[in-house]
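Here are the chains, one letter per residue:
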Amino acid sequence: MLPIMARTWFQLLSSCVVLGAGVGMFLTASLGSDGYATLVSGLALALALDFWVVNLVVGLILVAIAWGRGLTPGLGTVVQPLVVGVVVSAVTGSIAEPDHWWARATMLALAMPVLALGVAGYLAADAGAGPIEAAAITLDPPIPFRWSYSVVQGGGALIGWACGAAVGPGTIVAILCLGPLVSWLSRTVPALRAETTA
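A quick note: this is a predicted structure, and the numbers were derived from the prediction, not measured. (Residues numbered from 1 in each chain as written. Predicted model: local features only at pLDDT ≥ 70, side-chain atom pairs only at ≥ 80, totals over all residues. Heavy atoms only, no water.)

As a further point, take the overall build of the chain. Each helix and strand in the chain was counted, giving eight helices and zero strands. In sequence order, the secondary structure elements of the chain are arranged as α-α-α-α-α-α-α-α. Computed over the C-alpha atoms, the radius of gyration of the chain is 15 Å, within 12% of the 16 Å expected from 2.2 N^0.38 for a compact globule of 198 residues. For the C-alpha atoms alone, the extent of the chain along its principal axes is close to 45 × 35 × 30 Å. Residues counted as buried form 49% of the 198 residues belonging to the chain. Relative to all contacts within the chain whose residues are 6 or more apart in sequence, the contacts with residues 24 or more apart total 74%. (Helix = DSSP H or I, 4+ residues; strand = E, 2+ residues; numbered from the N terminus. Rg over C-alpha atoms; globule rule 2.2 N^0.38 Å. Buried < 20%, exposed > 50% of the residue type's maximum accessible area, 1.4 Å probe, protein only. Contact = heavy atoms within 4.5 Å.)

Structural data, given as structure tokens:
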């Protein structure tokens, strides 16, 4: 049996890889992406920087804000933005955008549970929240995580869209459904039970 620290590292890293794959699939489907990816994509376009660089900088800013509100960062706070950013860059660089709308819709539909599983998994590792989740957790209470996550995702999408990032049906689906799906997975899958299940 693996020591607790080794299990934490494994769950954290594997979940961040899954999370990055989900975000990469969202971006490749070209039907809009989750709110945080839209924020980072828009800023990356506006600043002419790589996605992973902007992801890291924005992540540090959001974590600092959450820290100022009493949410102490941890190992996952540092690892999540870096690993996710690298995986997103790898996925978007290696998978071509589908030609047909039904193929893009299929990729989007597959990306949603992958993304939610990655978020729920790394939160359950209890090694510190990443940027967007930390921002949502600081709003809970008074807003339950499943909806505070939607609020933060929606705000990120608006800023990203203003900076030139594409938005679409996938953006709306992610804003409305991702928080509830993460909370549902955290409640129903024993290995993914986390504190943010309200």
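Next, the rest of the story.
Okay, helix α2 (residues 35-47) next. Under the 1.5 Å per step criterion, the end-to-end length of α2 is 18 Å for 13 residues, consistent within 8% with the ideal 18 Å. For α2, the complete set of buried residues consists of Gly 35, Tyr 36, Ala 37, Thr 38, Leu 39, Val 40, Ser 41, Gly 42 and Ala 44. At the N-terminal end of α2, a side-chain oxygen is found 3.2 Å from the backbone nitrogen of Tyr 36, two or three residues along, and the residue is Asp 34. (Expected span 1.5 Å × (residues − 1). Polar contact = N/O pair within 3.5 Å; in protein donor to acceptor, adjacent residues only side chain to side chain.)

Contact geometry for helix α3 (residues 51-68) and helix α4 (residues 75-94): axes closest at 8 Å, N-to-C directions at 155°. As the angle between them shows, α3 and α4 are arranged roughly antiparallel. Here α3 and α4 pass one another in a crossing that is right-handed. Listed contacts from α4 to Phe 51, Trp 52, Asn 55, Leu 56 and Val 63 of α3 are Thr 77, Pro 81, Gly 85, Val 86, Val 88 and Ser 89. Looking at the contact of α3 with α4 residue by residue, the classes come out as seven nonpolar, four polar and no charged. (Axes fitted to C-alpha atoms, helices over the stretch in contact; angles between N-to-C directions. Parallel < 35°, antiparallel > 145°, perpendicular 65-115°, else oblique. Left-handed = near helix turned anticlockwise from the far one by under 90°. Nonpolar A, V, L, I, M, F, W, Y, C, P; charged D, E, K, R; others polar.)

Turning to its location among the elements, Ser 186 is positioned in helix α8 (residues 169-188). Since its relative accessible area comes to 1%, Ser 186 is described here as buried. Polar contacts involving the side chain of Ser 186 include one to the main-chain carbonyl oxygen of Val 182, which spans 2.9 Å.

For the rest of this paragraph, the subject is a nonpolar patch on the surface. Among the surface-exposed residues, Met 5, Trp 9, Leu 13 and Leu 75 lie close enough to one another that they form a single nonpolar patch of about 350 Å² accessible area. For the nonpolar patch, the leading source of residues is helix α1 (residues 4-29), giving three residues. Looking at the element boundaries, Trp 9 is found in helix α1. (Patch = residues over 30% accessible without salt bridge, like charges linked within 9 Å, V, L, I, M, F, W, Y side chains within 5 Å. Areas by Shrake-Rupley, 256 points an atom, 1.4 Å probe, with all protein chains shown as cover. Salt bridge = Lys/Arg side-chain N within 4 Å of Asp/Glu carboxyl O.)

Next up on the list: the environment of Ala 90. One can find Ala 90 in helix α4. Judged by its relative accessible area of 47%, Ala 90 is partly exposed. Separated by 69 residues in the primary sequence, Ala 90 and Ala 21 place their C-alpha atoms 8.8 Å from one another.

This part covers the environment of Ala 165. Relative to the assigned elements, Ala 165 resides in the loop between α7 (145-162) and α8. Spatially, the C-alpha atoms of Ala 165 and Gly 70 are 32 Å apart, while their sequence positions differ by 95 residues. Setting aside anything within four residues of it in sequence, one finds Ala 165 in contact with Thr 38, Ser 41, Gly 42, Leu 45 and Gly 160.

Glancing now at the side chain of Glu 133. Here Glu 133 shows up in helix α6 (residues 131-137). One buried charge, Glu 133, has no salt-bridge partner; the nearest side chain with opposite charge is Arg 69, at 15 Å. Look past the residues within four positions of Glu 133 in its chain and what remains in contact with it is Gln 80, Val 119, Tyr 122, Leu 123, Phe 145 and Tyr 149. (Lys, Arg positive; Asp, Glu negative; His and termini not counted.)

Moving on, we get to the environment of Ala 96. Here Ala 96 shows up in the loop between α4 and α5 (101-124). You can call Ala 96 exposed: its relative accessible area is 62%. Between the C-alpha atom of Ala 96 and that of Leu 192, which follows or precedes it by 96 residues, the distance is 32 Å.

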